[in-house]
Amino acid sequence: MKNSSWIRAMFEEGEKLKKKFGAENIYDFSLGNPITEPPEALKEELIRVASSDAKGMHRYMSNSGYEDVREEIAQYQSETSGLPFTKNHIVMTVGAAGGLNVVFKSILDPGDEVIVPCPFFVEFMFYIGNHNGVMKLVDTKDDFHLDMDKIKSAITRKTKAILINSPHNPTGVVYNEKELSELAALLKERGQKGQRIYIVADEAYRKIIYNGTRLPNLASLYDDTVTVTCHSKDLGLAGERIGYIAMSPRIKNVKSLIDATIFANRILGFINAPAIMQRVVSKFQRNSVDIMEYQIKRDAIYNILVESGFEVVKPAGAFYIFPKSPIPDDVLFVKTMLQHHILTVPGVGFGKPGYFRIAYCVNMDVIEKSRPYFKEVGELLRNGKQ
Amino acid sequence: MTVGCAGGLNVILKSMLNPGDEVIVPTPFFWEFKNYINNFGGVTRFVETKEDFQLDIGNIEAAITKQTKAILINSPNNPTGAVYNEESLRQLAGLLNTKREQGQEIYIITDDAYKKLVYDNITLPNVFKMYDLVLSVTSHSKDLALAGERIGYVAISPNIKDLDLLVSAMTISIRVLGFVNAPALFQRVAGKFQRTSVSIADYEKKRDALYAILMEAGLECVKPQGAFYMFPKSPIPDELEFVRTLQQEERIMVVPGRGFGRAGYFRIAYCLPMEKILGAREGFLRIGDRYYKGGK
C-alpha cells in the first residue's frame, strides 16, 4: 500500500508545502489533472441535456451504454480507422481506467502475461494484477520508442496482450506508423502459430498531439486491437469518468469478447458509464480542448529545460515531459527540486529511475515562473558534479 | 464517494478480503454479491433466512468459521422486500461481539441501496448504533432515481479500529479498480439531497395494490416492508416452469427464484406504472384459479 503511487505521494507532499508557503509559491508539476476547461459548447450541451423533460434520462440503460451514443462513436471510429465499426463494437465505460480493468478482466486468465513498454503509467500494474495477470515490463529505446527486439524476446506462450499507450504517459512520445507496423507484423507471426496476442491501446491522450504529428490507427494495422479511451483530457472531463472501449470488427469471434466486456463492466461494479455524460460526449467526438495551448506550454517547458542544461526528449503529445535526472538518484533529485518549491515525480514511479516527470498541464504562469528555479537547480547540480 | 453501490461494494471487498476469506450472505440474495466477492478471491457462504425472510441468527452462527471476514446484509432486501427488524440485528451484533471478545473481527457490510424505501411508518434500524465494525454502502439509484448516473458512497463507522488504515485502503482501491472517483457532477448534486427522496407513498400504494392482487389470486407471499420487490412462493415446486407459464400465457414477466439462490419462489419488481400492476390482475387471478382451484 505504501508504495502504491509516487504521483500521489508527491501530490500530498505538495499539499503540505502549499499550506506552508502558499499555493502561489509552489510550482506543482506532479499531477496529470489538467486545468483546461471543457469546450464552451459542451457546457451548453450539458445544460440542454440536464434540462430535458424526457422521461428516464437518469435510469439504468443497457450495461454497454445508450445505443444512439454507441452509434455516434462507432461512426467516428469507422471514419478514423476505415473499419466497419458498429454500435455493437463499442462499450461505454467509467473512463479509460474503468475500460482497461474491464478489458483485462475479460481477456486474462490467471498467470497470463501482458507486455508493457517501460517507462509506464504505474496504474497499469494494478489493472493487470487485479485480474491475476502478470505484467512483463520491456524497456524502450533511448528516445522512448518501441524496442522491437526486446518485445520479441519478452513474448512467451503466456503472452495475452501488449499494452500500448500513445501519446505516452510519462514520456509524451507518440509511436510512429513504422514501429507499430513492425509490432503488428511481429504479433501476426505469433498469430499464424496459433497464439492470439491482443494490442490493448490506451489512447487517453490521442487528441493531445503536436506539430501535425499523426496518431497511427492501430486497429487498421492489426486485427486483434482493442482501443480504450476517455474524455478526461481531450474534453477536460477527468472528474466525470467517461470513456469507452472500441473492439475492432476484425477481431475473430468479436461477439464473445463484446459479451465478456459487457459482463465485466457489470460485475466489476461499474454497471454502466454515467448516463448524462454519455449523452453529452457523443456529440463531441470530433472536438477537443485547445491543443495549441498545450503545444505552447510544451515548447516553453522544453526550452526552459534545455536552457537549464537538462537532457530531454522533446515530446510529440500528451502533456508530460520526462527529462533525465542530472544525478543518478532521481528521488534525491526530486527532493532537491522540492526545496526550490518545484514538485515533480521521480522516474522510479514509472519504472525508470534516473529520470523525472513534469506534468505541464498547468497555468502558463506556473511554467514561466518556474524558469529561474530550474536554472538554479541545473547550475547547482552541474557545479556539484565538478 | 463511489460509483454507485456496486462500485462501493467492490471497493470494500477489495480493501478487506484476502483470498479464501469468507463473506456470509443471507439468502435469498442479490446474485451480483457473489460475483463481487468472487472478484477478490473471496468465498461466499450462504445462510438461509427464516420463513418470513428475517435473519436466522442460529444459521448465521453455524456458518461462521475462522475465515469469516464479513457478513453482507441488504435491508430493505432485494429480492424479498424484507426489512430486518431491530431485534434480529441486535442479536447479530451480540453474536459478532462475542466473536470479537474471542479475538475474531467480523465486519457487517450493509447494502443500504433501498434504505429510504420503507413502508408502514417503520424506521430502518441503524446498525452503526448496534455494532462498531460497520460499513454502510448506499447509492442514489433508487431514492433519487439516478440509477444511470452511478452515484453512491460508503460510510465507515468512526468506531472501527484502524480506521485510517481501512480508509487508505479504500482510497487506493477506488483508484486501482479503475473507478478513480465518483462522477463529479452528481457528487455535487447528490450532496444537497441527503434528506430527500422520490415519493415513497407512491411505492407504498403500488406495494399494497400488488399484494392485494396476489392475495386475491391465492398466492403465498410475505408482505414486504421495503424496496420494490415481492417474492411469492411458486404454486408449483418448479418455478422455472411457472415463470414460463406466467410469461407465455399471461404476458407477465417475473424472475425465477433460483436467480436469487432460492428455487420455488419468484420475484416481482413492481417499480413500474400503477396501470401495469392493475393490468396484470386478471392474469394473476387466472393463474391462481388454475393452480389453486383445481384448474391444474
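See above for the structure.
Conventions used here
Residues numbered from 1 in each chain as written. Chains lettered and ligands numbered in written order. Predicted model: local features only at pLDDT ≥ 70, side-chain atom pairs only at ≥ 80, totals over all residues. Heavy atoms only, no water. Core = buried A, V, L, I, M, F, W, Y, C linked by side-chain atoms within 4.5 Å. Buried < 20%, exposed > 50% of the residue type's maximum accessible area, 1.4 Å probe, protein only. Helix = DSSP H or I, 4+ residues; strand = E, 2+ residues; numbered from the N terminus. Contact = heavy atoms within 4.5 Å. Salt bridge = Lys/Arg side-chain N within 4 Å of Asp/Glu carboxyl O. Pairing = 2+ DSSP bridges. Axes fitted to C-alpha atoms, helices over the stretch in contact; angles between N-to-C directions. Buried area = accessible area lost by both parts, 1.4 Å probe. Polar contact = N/O pair within 3.5 Å; in protein donor to acceptor, adjacent residues only side chain to side chain. Nonpolar A, V, L, I, M, F, W, Y, C, P; charged D, E, K, R; others polar. Lys, Arg positive; Asp, Glu negative; His and termini not counted. Phe/Tyr/Trp six-rings, centres within 6.5 Å; stacked < 30°, edge-to-face > 60°. Lys NZ or Arg CZ within 6 Å of the ring centre and 35° of its normal. 1 Å grid on protein atoms, 1.4 Å probe; cavity = no way out; pocket = protein on both sides within 12 Å on 5 of 7 lines; lining within 4 Å. Points joined across faces, edges and corners; volume = space filled by probe spheres on them. Expected span 1.5 Å × (residues − 1). Parallel < 35°, antiparallel > 145°, perpendicular 65-115°, else oblique. Left-handed = near helix turned anticlockwise from the far one by under 90°.

### Quick word on the nonpolar core
No. 1: By size, the foremost hydrophobic cluster in this structure holds 192 residues, and its most contacted members are Phe29, Phe104, Leu183, Val200 and Phe374 of chain A together with Phe284 of chain B.
No. 2: The element best represented in this core is helix 7 (residues 200–217) of chain B, accounting for 8 residues.
No. 3: Once residues lying within four places of it in the same chain are set aside, the contact partners of phenylalanine 104 of chain A are Val114, Tyr127, Ile128, His131, Leu163 and Val200 of chain A.
No. 4: Among the nonpolar cores identified, the runner-up in size contains 33 residues, and Leu46 and Val280 of chain A together with Leu146 and Ile151 of chain B belong to it.

### Some words on the pattern of salt bridges
No. 1: Scanning all chains against the criterion turns up 41 salt bridges over all chains.
No. 2: For glutamate 105 of chain B, the salt bridge goes to arginine 100 of chain B, with nearest N and O atoms at 3.2 Å.
No. 3: One salt-bridge network, in which partners are shared between bridges, spans Glu307, Glu368, Arg371 and Lys375 of chain A.

### Quick look at the sheet that holds strand 2 (residues 90–93) of chain A
Residue and element names in this part refer to chain A.
No. 1: Read from one edge of the open sheet, 7 strands run 2-8-7-6-5-3-4, paired in mixed fashion. On the outer flanks of this sheet lie strand 2 and strand 4 (134–139), each paired with one strand and no other. In this sheet, adjacent strand axes meet at a mean angle of 20° when their direction is disregarded.
No. 2: Alignment of strand 2 against strand 8 (residues 243–247), held across 4 bridges, turns out to be antiparallel. Bridge assignment links isoleucine 90 to a residue of strand 8, and that residue is alanine 246.
No. 3: Helix 3 (residues 67–81) contacts strand 2 and strand 8 of the sheet and is inclined by roughly 115° relative to strand 2.
No. 4: Relative to the sheet, helix 7 (residues 177–192) contacts strand 5 (159–165) and strand 6 (198–202), its axis offset from that of strand 5 by approximately 175°.

### Some remarks on the interface of chain A and chain B
No. 1: Listed per partner, the contact involves 35 residues of chain A and 33 residues of chain B.
No. 2: Roughly 2,600 Å² of surface becomes buried between chain A and chain B when both sides are summed, with 54% attributable to carbon and sulfur atoms.
No. 3: Between glutamate 123 of chain A and arginine 175 of chain B there is a salt bridge whose closest N-O contact spans 2.8 Å.
No. 4: In this structure, the connection of chain A to chain B is made through 25 residue pairs in polar contact (both at pLDDT 80 or more).
No. 5: Every element with two or more residues in the side of chain A that touches chain B is listed here: helix 4 (95–107), helix 5 (123–130), helix 9 (254–267) and helix 10 (275–282) of chain A.
No. 6: For the side of chain A that touches chain B, the per-class residue count stands at 19 nonpolar, 9 polar and 7 charged.

### Topic: the pairing of strand 7 (residues 225–230) of chain A
Residue and element names in this part refer to chain A.
No. 1: The buried fraction of strand 7 is high, at 6 of 6 residues.
No. 2: Burial along strand 7 is two-sided: the face carrying Thr225, Thr227 and Thr229 and the face carrying Val226, Val228 and Cys230 are both buried.
No. 3: Here 5 bridges tie strand 7 to strand 8, and the two strands are oriented antiparallel to one another. Across the sheet, the residue bridging to valine 228 is isoleucine 245, located in strand 8.

### Notes on the side chain of glutamate 113 of chain A
No. 1: Residue placement: glutamate 113 of chain A occurs in strand 3 (residues 113–118).
No. 2: Buried and without a salt bridge, glutamate 113 of chain A has lysine 136 of chain A as its closest oppositely charged side chain, separated by 4.0 Å.

### Points about the environment of threonine 261 of chain A
Residues and elements named next belong to chain A.
No. 1: Inspection of the secondary structure assignment puts threonine 261 in helix 9.
No. 2: For the pair formed by threonine 261 and valine 174, sequence separation is 87 residues and the distance between their alpha carbons is 27 Å.
No. 3: If near-sequence neighbours (up to four positions away) are discounted, threonine 261 is found in contact with Val91, Val102, Ser106, Ile245 and Met247.

### Points about the packing of aromatic side chains
No. 1: On inspection of all chains with the given rule, the structure shows 30 aromatic pairs over all chains.
No. 2: Between the aromatic rings of phenylalanine 121 of chain A and phenylalanine 124 of chain A, the centroid separation amounts to 5.5 Å while the plane-to-plane angle is 90°, which identifies the pairing as edge-to-face.
No. 3: Ring geometry for phenylalanine 30 of chain B and phenylalanine 33 of chain B: centres 5.5 Å apart, planes at 90°, overall edge-to-face.
No. 4: By relative accessible area, phenylalanine 30 of chain B is classed as partly exposed at 27%.
No. 5: Classification of phenylalanine 33 of chain B by relative accessible area gives buried; the value is 2%.
No. 6: An aromatic cluster of at least three residues, connected via ring pairs, comprises Phe29, Phe310, Phe333, Phe356 and Phe374 of chain A.
No. 7: Above the plane of the ring of tyrosine 265 of chain B lies arginine 262 of chain B, whose end atom (NZ or CZ) is 5.5 Å from the centre.

### Here we look at the environment of isoleucine 164 of chain A
All names here are of chain A.
No. 1: Structurally, isoleucine 164 can be placed in strand 5.
No. 2: The class of isoleucine 164 is buried, set by a relative accessible area of 2%.
No. 3: Separated by 44 residues in the primary sequence, isoleucine 164 and phenylalanine 120 have C-alpha atoms spaced 9.7 Å apart.
No. 4: Ignoring any residue separated from it by four or fewer positions in sequence, one finds isoleucine 164 in contact with Pro117, Leu146, Tyr175, Leu180, Leu183, Ile199, Val200, Ala201, Asp202 and Leu218.

### So, the layout of surface pockets
One way to see where empty space is left: roll a probe the size of a water molecule over the atoms.
No. 1: In this structure, the second largest pocket occupies an estimated 1,200 Å³ of space.
No. 2: Lining the second largest pocket are 47 residues, and of these Tyr60 of chain A together with Ser141, Lys142, Ala147 and Phe228 of chain B lie nearest its centre.
No. 3: Considered class by class, the residues forming the lining of the second largest pocket number 26 nonpolar, 10 polar and 11 charged.

### As for helix 9 of chain A
Residue and element names in this part refer to chain A.
No. 1: For helix 9, spanning 14 residues, the distance from its first C-alpha to its last is 20 Å, which sits close to the expected 20 Å at 1.5 Å a residue.
No. 2: Looking at helix 9, one finds that the buried residues are Val254, Leu257, Ile258, Thr261, Ala264, Asn265 and Ile267.
No. 3: Positive phi appears at glycine 269, one or two residues downstream of helix 9, with a value of about 95°.

### Some thoughts on the packing of helix 1 (residues 4–16) of chain B against helix 5 (residues 163–176) of chain B
All names here are of chain B.
No. 1: One way to put it is that helix 1 packs onto helix 5 with a least axis distance of 8 Å and a crossing angle of 120°. Classified by the angle their axes make, helix 1 and helix 5 are oblique. The chirality of how helix 1 crosses helix 5 is right-handed. Contacts from Val11, Ile12, Lys14 and Ser15 of helix 1 reach helix 5 at Leu166, Ala169, Met170, Ser173, Ile174 and Val176.
No. 2: Class assignment for the residues of the contact of helix 1 with helix 5 results in 7 nonpolar, 2 polar and 1 charged.

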